[in-house]
Number of protein chains: 2
Amino acid sequence: MRKKLRREKLVEIDLESGATLKSKAVILATGARWREMNVPGEQEYRGKGVAYCPHCDGPLFKGKRVAVIGGGNSGIEAAIDLAGIVEHVTVLEFSDTLRADAVLQRKAASMKNITIIKMAQTTEVRGDGNKVIGLTYKDRTRNELFDLDVAGIFVQIGLVPNTEWLKGDMELSRFGEIEVNSHGETNIPGVFAAGDVTNVPYKQIIIAMGHGSTAALGAFDYLIRSSVEDEAAA
Amino acid sequence: MRKKLRREKLVEIDLESGATLKSKAVILATGARWREMNVPGEQEYRGKGVAYCPHCDGPLFKGKRVAVIGGGNSGIEAAIDLAGIVEHVTVLEFSDTLRADAVLQRKAASMKNITIIKMAQTTEVRGDGNKVIGLTYKDRTRNELFDLDVAGIFVQIGLVPNTEWLKGDMELSRFGEIEVNSHGETNIPGVFAAGDVTNVPYKQIIIAMGHGSTAALGAFDYLIRSSVEDEAAA
């Protein structure tokens, strides 16, 4: 839908339709998307056992067995968080090592209801037609398939900011997030950003809402200051 | 109610009652209060014409005449903001100079419905029993009293963080605000802060709500990491 952003006298955004939006100030809030496993059953059971936010959906699985996909910081944090609520957590990590911080790995190892399986590639989400009943994974060492019976599957293999269209146009973090300061300002004057698309530490709706307000007030500050400069220059 | 905060093995907070609260992690959210004029009528007409937040209450005075008390950045920003909504804004500044940024002063000077009166000390809020009908101010140069008929009075002479009890215990900004990073962390391990009491740029409820979530997640990160260290040290 959108294609390119640049700063001329105004901020200009080219759309794929051929149209160009022009504005004195712009707030980018294009969000982010969870990286998906892309296996059969994932889309079908999304919201029916396949989940992406442990803080949000963890309580729905109280007393049940769940799996966490991914052994990075977010995966191991999710496992620790969930272990306090659910009966048991199995973490499936694709490679032969966890990428999570050592302190998180030690914490997870100290919890009796967390099992970590490495070299495990999820190949299918299994359900009963209404909800998740388990998953199938391939043991990549032995090249064999195994079934794991779980009620919930938390996919924690990354959050992808929707900034592909901005690459080269503005400063992005190494994760592709828009870098903002405490006023929601980006590196381009008049361009602000808010929410999950930015390098804000935690991705939660209420946090994004607050940052939307911050970016709006930042843009207001910018406009009441810059309009005078424009008039002075004119 | 609270008296002193210190970090021992746990974070400890002494209360005036003599009790001591102890916790692994603490989130400080004691807020801030608007600095008041302390003149007759101010309390009586608070919420009935006496207001403190132009973004919030400005629209209530659409088409009416209002006063802004204070010629600092927040006062002049309020005047510029309000001038787009109300019929006319009079800014009353106590001293003989405005402290607001020059660019804001130029912007305010360029707007036809803003009048700025310096050396003006508000002495009374006048009302009809139900709502504000005006104010009285002293011209400090001539030492004479004048009446100004306005429907709204926006008091913009500062926001005071509720941190008097923390002075000397932790790092505060020159305005007395608790300094936090993007994870809501203060300079004391295990002590987090959120909302208007911190050095966050804009004071709005939705922003404080988001930062409450950030501080809670920051504390969660801290706890799942520190508990392992405690166990390792034990």
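Residues numbered from 1 in each chain as written. Chains lettered and ligands numbered in written order. Predicted model: local features only at pLDDT ≥ 70, side-chain atom pairs only at ≥ 80, totals over all residues. Heavy atoms only, no water.

Take the packing of aromatic side chains next. All names here are of chain A. Evaluated as defined, the whole model comprises 8 aromatic pairs over all chains. Ring geometry for Tyr137 against Phe146: centres 5.7 Å apart, planes inclined by 25°, an arrangement best described as stacked. You can call Tyr137 buried: its relative accessible area is 9%. Residue Phe146 is classed as partly exposed on the basis of its relative accessible area of 25%. Judged by centre distance (6.0 Å) and plane angle (65°), the rings of Phe192 and Tyr222 are edge-to-face. (Phe/Tyr/Trp six-rings, centres within 6.5 Å; stacked < 30°, edge-to-face > 60°. Buried < 20%, exposed > 50% of the residue type's maximum accessible area, 1.4 Å probe, protein only.)

Moving on: the packing of helix H2 (residues 73-83) of chain B against helix H3 (residues 102-110) of chain B. Residues and elements named next belong to chain B. It is at 10 Å that the axes of H2 and H3 come closest, and there the two elements cross at 30°. Taken together, the axes of H2 and H3 are roughly parallel relative to one another. For the element pair H2 and H3, the recorded crossing hand is left-handed. For the pair formed by H2 and H3, the contact residues are Asn73, Ile76, Glu77 and Ile80 on the first element and Leu104, Gln105, Lys107 and Ala108 on the second. Residue classes in the contact of H2 with H3 are distributed as 4 nonpolar, 2 polar and 2 charged. (Axes fitted to C-alpha atoms, helices over the stretch in contact; angles between N-to-C directions. Helix = DSSP H or I, 4+ residues; strand = E, 2+ residues; numbered from the N terminus. Parallel < 35°, antiparallel > 145°, perpendicular 65-115°, else oblique. Left-handed = near helix turned anticlockwise from the far one by under 90°. Contact = heavy atoms within 4.5 Å. Nonpolar A, V, L, I, M, F, W, Y, C, P; charged D, E, K, R; others polar.)

For the rest of this paragraph, the subject is the side chain of Glu177(B). Residues and elements named next belong to chain B. Counting through the fold element by element, Glu177 comes out in the loop between strand S14 (159-161) and strand S15 (191-193). Within the local environment of Glu177, its side chain forms a polar contact with the side chain of Lys203, the two groups lying 3.2 Å apart. With residues up to four places along the chain from it excluded, the contact list for Glu177 reads Pro161, Glu171, Leu172, Val197, Thr198, Asn199 and Lys203. (Polar contact = N/O pair within 3.5 Å; in protein donor to acceptor, adjacent residues only side chain to side chain.)

Moving on, we get to the interface of chain A and chain B. Between chain A and chain B, the contact holds 33 residues from the first and 33 residues from the second. Of all residues in chain A, Tyr202(A), Leu217(A) and Arg225(A) give up the largest surface area on contact with chain B, accounting jointly for 21% of the area buried on that side. We note a salt bridge from Asp101(B) to Arg225(A), for which the minimum N-O separation is 3.0 Å. Here chain A is connected to chain B by 6 residue pairs in polar contact (both at pLDDT 80 or more). Every element with two or more residues in the side of chain A that touches chain B is listed here: helix H2 (73-83), helix H3 (102-110) and helix H4 (205-233) of chain A. (Buried area = accessible area lost by both parts, 1.4 Å probe. Salt bridge = Lys/Arg side-chain N within 4 Å of Asp/Glu carboxyl O.)

A few words on unusual backbone geometry. Residues other than glycine seldom take positive phi values, yet Asn38(A) does so here, at roughly 60°. Following the sequence through the fold, Asn38(A) ends up in the loop between strand S5 (32-34) and strand S6 (50-51).

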